[in-house]
Amino acid sequence: MRLIDIFVLNKCGSKKQAKKAIKKGLIQVNNKIVDEDIDITDETVIYDSKILDSHPLKYYIIHKPSGYVCANKDPHDPCLITLLPDENLHYVGRLDRDTTGLVILTNDLKLRKRLTLPEFHIPRTYAFTCLNPLKDITPFKEGITIDGDVKCLPAIVEMTSEYEGIITLEEGRYHEIKKMFLSLNNKITSLHRIMYGDISLGDLESGTYRILTQEEINHLKDITRRSLCNISKK
């Protein structure tokens with residue numbers, strides 16, 4: 001990561017201010033004053049007598065409990081972000097108040113944008129329970145129309161019983177899965193996200209979080225790069 005980006009992500013100022021600080025000799029790397037923007041790996045960066053975090057980009061996965069909302073502030077319900085050690089994070093794909101499971105949070109805004117834009121087709125997988133028996137999954141393969149005239153992309157559904165199953169979709173429309181079932185005169189009674197891309201919730205307990213591994217971060221970046229290439233070819 002570039003020194004200027006570290007300066008900005010540590011909330012020391014703007015890129016313009018970072019350039020001025022470097023020009024004035026106010027930033028040290030490994031106790032030496034630097035006079036240009038350089039790559040930083042694990043070096044010690046000091047500005048204004050403060051050691052900066054040389055790895056300022058953060059990536060977390062959390063198991064969202066029911067009753068929490070994916071917001072930074074809410075007058076009525078507890079916010080999921082309060083369960084994390086850093087509140088300067090952004091949600092990657094929000095979940096409804098009553099939906100549980102995997103949520104990724106990061107301050108890597110470039111990656112977050114690519115993971116949430118529908119044209120990038122990042123798969124999300126959910127376990128669901130529905131009110132009425134679901135005997136025909138053909139409509140999901142063909143793409144269900146919601147909100148009167150909005151046709152969803154095809155989704156993959158695997159039933160584990162007449163009332164339970166796993167659904168994978170590549171969009172993140174508002175209440176999309178619930179609206180799909182309503183279009184089929186059915187209703188979702190529980191929804192639990194278990195995967196985002198190939199990142200799995202695994203055995204992470206409700207209300208707890210962990211830091212994404214470098215392998216998982218690389219995976220998320222790789223799938224967004226592949227998606228970007230596919231978009232560019234169209």
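Residues numbered from 1 in each chain as written. Predicted model: local features only at pLDDT ≥ 70, side-chain atom pairs only at ≥ 80, totals over all residues. Heavy atoms only, no water.

Peer 1: Give a detailed account of the packing of aromatic side chains, specifying residues and quantitative values.
Peer 2: Counted by the stated rule, this structure contains 4 aromatic pairs. Taking 5.7 Å as the distance between ring centres and 80 degrees as the angle between the ring planes, the aromatic pair formed by Tyr 60 and Tyr 209 counts as edge-to-face. Of this pair, Tyr 60 sits in strand E5 (residues 59–64) while Tyr 209 sits in strand E15 (residues 209–211); the two residues are 149 residues apart in sequence, bridging distant segments of the chain. Plain terms: the ring middles of Phe 140 and Phe 181 are 5.4 Å apart, the flat faces sit at 50 degrees to each other, and that makes the pair tilted. With a gap of 41 residues between them, Phe 140 in helix H4 (residues 138–142) and Phe 181 in helix H5 (residues 176–183) connect regions that are remote in the sequence. (Phe/Tyr/Trp six-rings, centres within 6.5 Å; stacked < 30°, edge-to-face > 60°. Helix = DSSP H or I, 4+ residues; strand = E, 2+ residues; numbered from the N terminus.)

Peer 1: Tell me about the pairing of strand E12 (residues 164–169), and please be specific about residues and values.
Peer 2: As defined by bridge partners, strand E8 (residues 124–130) adjoins E12 across 6 bridges and the pair is classed as antiparallel. Across the sheet, residue Arg 124 finds its bridge partner in E12, namely Leu 169. Both strand E11 (residues 156–159) and E12 contribute to a ladder of 4 bridges, which runs antiparallel. Each residue of the ladder has a partner; that of Glu 158, found in E12, is Ile 166. Hairpin connection from E11 to E12: 4 residues lie between these consecutive antiparallel strands. (Pairing = 2+ DSSP bridges.)

Peer 1: Just give me the short version of the nonpolar core, but keep the residues and values in it.
Peer 2: Formed by 31 residues in total, the largest nonpolar core has its most connected members in Phe 128 and Ile 167. Of all elements in the fold, only E5, strand E7 (100–106), E8, E12, H5 and strand E13 (188–196) reach the threshold of two or more residues within this core. Setting aside residues no more than four positions away along its own chain, Ile 167 makes contact with Arg 124, Thr 125, Tyr 126, Phe 128, Phe 140, Ala 155, Ile 156, Val 157, Ile 177 and Met 180. Among the nonpolar cores identified, the runner-up in size contains 17 residues, and Ile 61, Ile 199, Leu 204 and Leu 220 belong to it. (Core = buried A, V, L, I, M, F, W, Y, C linked by side-chain atoms within 4.5 Å. Buried < 20%, exposed > 50% of the residue type's maximum accessible area, 1.4 Å probe, protein only. Contact = heavy atoms within 4.5 Å.)

Peer 1: Which residues make up unusual backbone geometry, and what values go with them?
Peer 2: A positive phi angle, near 60 degrees, is found at Lys 11, a position not held by glycine. Residue position: Lys 11 is located in the loop between helix H1 (3–9) and helix H2 (15–23). Despite not being glycine, Ser 49 shows a phi value in the positive range, around 65 degrees. Within the element layout of this structure, Ser 49 appears in the loop between strand E3 (45–47) and strand E4 (50–52). On the accessibility criterion, Ser 49 (76% relative accessible area) is exposed.

Peer 1: I'd like a rundown of H2, residues and numbers included.
Peer 2: All of the buried residues in H2 are Ala 18, Ala 21 and Ile 22. The arc that holds the buried residues of H2, viewed along the axis, is 100 degrees, so those residues lie on one side. Among the exposed residues of H2, those oriented more than 90 degrees off its buried face are Lys 16, Lys 19 and Lys 23. For H2, the elements touching its buried residues are H1, strand E1 (27–29) and E3. (Arc of directions from axis to C-beta.)

Peer 1: Any details on the environment of Glu 164? Residues and values, ideally.
Peer 2: Topologically, Glu 164 is positioned in strand E12. For Glu 164, a relative accessible area of 38% translates into the label partly exposed. For the pair Glu 164 and Leu 134, spaced 30 residues apart in the sequence, the C-alpha separation amounts to 8.3 Å.

Everything listed is a geometric property; what it means functionally is a separate question.
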